[in-house]
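Residue strings, one per chain:
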Amino acid sequence: MLNIVLFGPPGAGKGTQSEKLIKSFQLVHLSTGDILRNEIAKKTDAGLEAKKMMDQGLLVPDATVIRMIADRIDSNKNANGFIFDGFPRTTAQAEELDKMLKSRNSSITMMLCLDVDDNELLKRLLNRGKESGRSDDQDESIIARRISEYNSKTAPLKEYYSAQGKFHSINGIGSVEDIFNRLCAVVEA
Ligand code: AMP
């Protein structure tokens, strides 16, 4: 199995690059942000509870996203592999993901980290907010909170995967195609 953690701050291009990677490598895309937005649209209890945190730019509780990911892994038993996009975002989530995969005789193959500076992130997110209508992309203070959550709780995962020899940093600035080629070069190495 090819299991990739696609990593990077909000606005780094994880969603765009995931779409391209799943096509090239026949993987299943698991984005906790997309799953949560879908739960909100369906007005489920979990979705409405998560929305309160998402609207403030804060992370939702680990247990909520871990359960969602476990359900999706189990309902895709014949997958070639997964792209984890926006998950894990905390050390607790990373440890649970490792356990989940181990109990299914699998593991994370690599973590690909898209590197993009804060100014470029803000520009991209505000632009996406205009185009998509996503409310958490339209307010500079919410964006700043999301980037701060990333720096304090999520960025330490670079060390976590580095210690396992699985961390790869990729320049996330440039055309979609150029960045995709950089990712493919690492996956195929
Ligand atoms: P994203 O679409 O990945 O930018 O996620 C949008 C929002 O959903 C985040 O700001 C968080 O509030 C929430 N979220 C998504 N994935 C996670 C996760 N793995 N852990 C905690 N919160 C998450």
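Read on for an overview of the structure. Since this is a predicted model, take the numbers as computed values, not measurements.

Quick notes on unusual backbone geometry
So, step 1. For the bond from Phe87 to Pro88, the omega torsion is 0°, close enough to zero to count as cis.
So, step 2. Looking at the secondary structure, you find Pro88 in the loop between strand E3 (82-85) and helix H5 (91-102).
So, step 3. A positive phi angle, near 50°, is found at Gln26, a position not held by glycine.
So, step 4. Its location among the elements puts Gln26 in the loop between helix H1 (14-25) and strand E2 (28-31).

A short note on the sheet that holds strand E1 (residues 4-7)
So, step 1. A sheet is described by the order of its strands in space; here five strands give the open sequence E2-E3-E1-E4-E5, paired in parallel fashion. Edge strands, defined here as strands with exactly one partner in the open sheet, are E2 and strand E5 (167-171). The mean angle between the axes of side-by-side strands here comes to 20°, regardless of whether they run parallel or antiparallel.
So, step 2. Pairing of strand E4 (residues 110-115) with E5 involves five bridges; the strand directions are parallel.

Concerning the pattern of salt bridges
So, step 1. Enumeration according to the criterion identifies 15 salt bridges in this entry.
So, step 2. One salt bridge connects Glu177 with Lys20, and the closest N-O pair in it is separated by 3.1 Å. With Glu177 in helix H9 (residues 176-188) and Lys20 in helix H1, this residue pair connects regions lying 157 residues apart in the sequence.
So, step 3. Here Glu177 falls in the partly exposed class, since its relative accessible area comes to 41%.
So, step 4. Lys20 sits in the partly exposed class, given a relative accessible area of 24%.
So, step 5. With its nearest N and O atoms 2.8 Å apart, the salt bridge here joins Asp137 to Arg146.

A word on the layout of surface pockets
So, step 1. By volume, the largest pocket is sized at about 860 Å³.
So, step 2. In terms of lining, the largest pocket is formed by 47 residues, of which the most central are Pro10, Lys14, Arg89, Arg128 and Arg134.
So, step 3. The set of elements that each furnish at least two residues to the lining of the largest pocket consists of E1, H1, E2, helix H2 (32-41), E3, helix H6 (118-132), helix H7 (140-154) and H9.
So, step 4. Here the residues of the lining of the largest pocket sort into 19 nonpolar, 16 polar and 12 charged.
So, step 5. Along the walls of the second largest pocket sit Arg37, Ile40, Lys51, Met54, Asp55, Arg134, Ser135 and Asp136, which together make up its complete lining.
So, step 6. Only H2 and helix H3 (45-54) provide two or more residues apiece to the lining of the second largest pocket.
So, step 7. Tallied by class, residues from the lining of the second largest pocket come to two nonpolar, one polar and five charged.

Here we look at the nonpolar core
So, step 1. If you look at the biggest cluster of nonpolar residues, it comprises 31 residues, and the most contacted ones within it are Val5, Ile69, Ile73, Phe84, Leu97 and Tyr161.
So, step 2. Secondary-structure elements contributing two or more residues to this core are E1, H2, H3, helix H4 (62-74), E3, H5, E4 and helix H8 (157-163).
So, step 3. Considering every element that reaches this core, the biggest residue donor is H4, with six residues.
So, step 4. Setting aside chain neighbours within four positions, we find Leu97 in contact with Val5, Ile69, Ile73, Phe84, Phe87, Pro88, Ile108 and Tyr161.
So, step 5. Counting 23 residues, the second-largest nonpolar core is a separate cluster that includes Leu125, Ile143, Ile147 and Ile179.

Quick notes on the rules
Residues numbered from 1 in each chain as written. Predicted model: local features only at pLDDT ≥ 70, side-chain atom pairs only at ≥ 80, totals over all residues. Heavy atoms only, no water. Helix = DSSP H or I, 4+ residues; strand = E, 2+ residues; numbered from the N terminus. Pairing = 2+ DSSP bridges. Axes fitted to C-alpha atoms, helices over the stretch in contact; angles between N-to-C directions. Salt bridge = Lys/Arg side-chain N within 4 Å of Asp/Glu carboxyl O. Buried < 20%, exposed > 50% of the residue type's maximum accessible area, 1.4 Å probe, protein only. 1 Å grid on protein atoms, 1.4 Å probe; cavity = no way out; pocket = protein on both sides within 12 Å on 5 of 7 lines; lining within 4 Å. Points joined across faces, edges and corners; volume = space filled by probe spheres on them. Nonpolar A, V, L, I, M, F, W, Y, C, P; charged D, E, K, R; others polar. Core = buried A, V, L, I, M, F, W, Y, C linked by side-chain atoms within 4.5 Å. Contact = heavy atoms within 4.5 Å.

Geometric descriptors of this kind do not, in isolation, establish any biological role.
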